Amino acid sequence: VMALTRVSVVVAYGVAGEPIGLRDAFRLTRSMAYRMTWVHIIVATLALVIVLPLMIGFEGHEGTAVSIGLTLVNTVAGMLYLIFVTTLFGFVYRRLKEAA
């Protein structure tokens with residue numbers, strides 16, 4: 001998880017128009033790798049805690065309405081997760097720019 005979190009910094013820099021390599025991403029995130037990883041794990045856990053009860057509510061039911069409901073739950077959860085992770089990447093990007 002830590003490696004994936006650190007590699008995701010490459011995406012944040014690329015979106016900001018400042019592409020960097022993997023080696024640079026690992027070097028830049030050395031001081032905050034554990035904190036970034038824990039925040040990422042917490043965000044993923046929160047998304048799971050929000051989605052799991054909703055999915056359990058649909059368990060045992062069949063039909064088109066249930067399929068649509070599950071799709072909506074997954075879509076909303078995915079959007080929330082992406083919003084939280086994007087915010088995390090933005091925070092990390094700013095911190096790295098301030099440190100440089």
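Check the entry above for the structure.
Residues numbered from 1 in each chain as written. Predicted model: local features only at pLDDT ≥ 70, side-chain atom pairs only at ≥ 80, totals over all residues. Heavy atoms only, no water.

Visitor: Lay out the pattern of salt bridges in plain terms, naming residues and giving numbers.
Guide: Summed over all chains, the structure comprises one salt bridge. Across the pair D24 and R27 runs a salt bridge, and its minimum N-O distance is 3.6 Å. Placement of both D24 and R27 in helix 2 (residues 22-28) is noted, with a separation of three residues, approximately one turn of the helix. Of the residues examined, D24 reaches a relative accessible area of 30% and is grouped as partly exposed. Its relative accessible area of 47% is what places R27 among the partly exposed residues. (Salt bridge = Lys/Arg side-chain N within 4 Å of Asp/Glu carboxyl O. Helix = DSSP H or I, 4+ residues; strand = E, 2+ residues; numbered from the N terminus. Buried < 20%, exposed > 50% of the residue type's maximum accessible area, 1.4 Å probe, protein only.)

Visitor: Provide a residue-level description of the environment of T87, including the pertinent values.
Guide: When you line up the elements, T87 lands in helix 4 (residues 64-99). Take T87: its relative accessible area is 52%, and that puts it in the exposed class. Sequence-wise, T87 and T37 are 50 residues apart; in three dimensions their C-alpha atoms are separated by 14 Å.

Visitor: With reference to specific residues and values, describe the nonpolar core.
Guide: V9, Y13, V92 and L96 are the most contacted members of the largest nonpolar core, which totals 14 residues. When residues of this core are traced back to their parent elements, those giving at least two are helix 1 (2-15), helix 3 (33-57) and helix 4. Per-element tally for this core: the top contributor is helix 4, with six residues. What V92 contacts, discounting residues up to four positions off in sequence, is V9, M32 and M36. (Core = buried A, V, L, I, M, F, W, Y, C linked by side-chain atoms within 4.5 Å. Contact = heavy atoms within 4.5 Å.)

Visitor: Explain the packing of helix 1 against helix 3 residue by residue, including any values.
Guide: In contact at an axis separation of 9 Å, helix 1 and helix 3 are set at 100 degrees when each is read in the N-to-C sense. By the angle between their axes, helix 1 is roughly perpendicular relative to helix 3. Facing helix 1, whose interface residues are M2, T5, R6 and V9, helix 3 presents A33, Y34, M36, T37 and H40. Residue composition of the contact of helix 1 with helix 3, grouped by class: five nonpolar, three polar and one charged. (Axes fitted to C-alpha atoms, helices over the stretch in contact; angles between N-to-C directions. Parallel < 35°, antiparallel > 145°, perpendicular 65-115°, else oblique. Nonpolar A, V, L, I, M, F, W, Y, C, P; charged D, E, K, R; others polar.)

Visitor: Please provide a residue-by-residue account of helix 3, values included.
Guide: For helix 3, with 25 residues, the first-to-last C-alpha span of 37 Å sits near the 36 Å given by 1.5 Å per residue. Its axis deflected by about 25 degrees at V51, helix 3 carries its strongest bend there, up to four residues before the proline P53. Along helix 3, the positions that sit buried rather than exposed are A33, M36, T37, H40, V43, A47 and V51. Looking at the buried side of helix 3, the elements it contacts are helix 1 and helix 4. (Expected span 1.5 Å × (residues − 1). Bend = angle between axes of the 7 residues up to and from the residue.)

Function-wise, these values are silent; they only describe arrangement.
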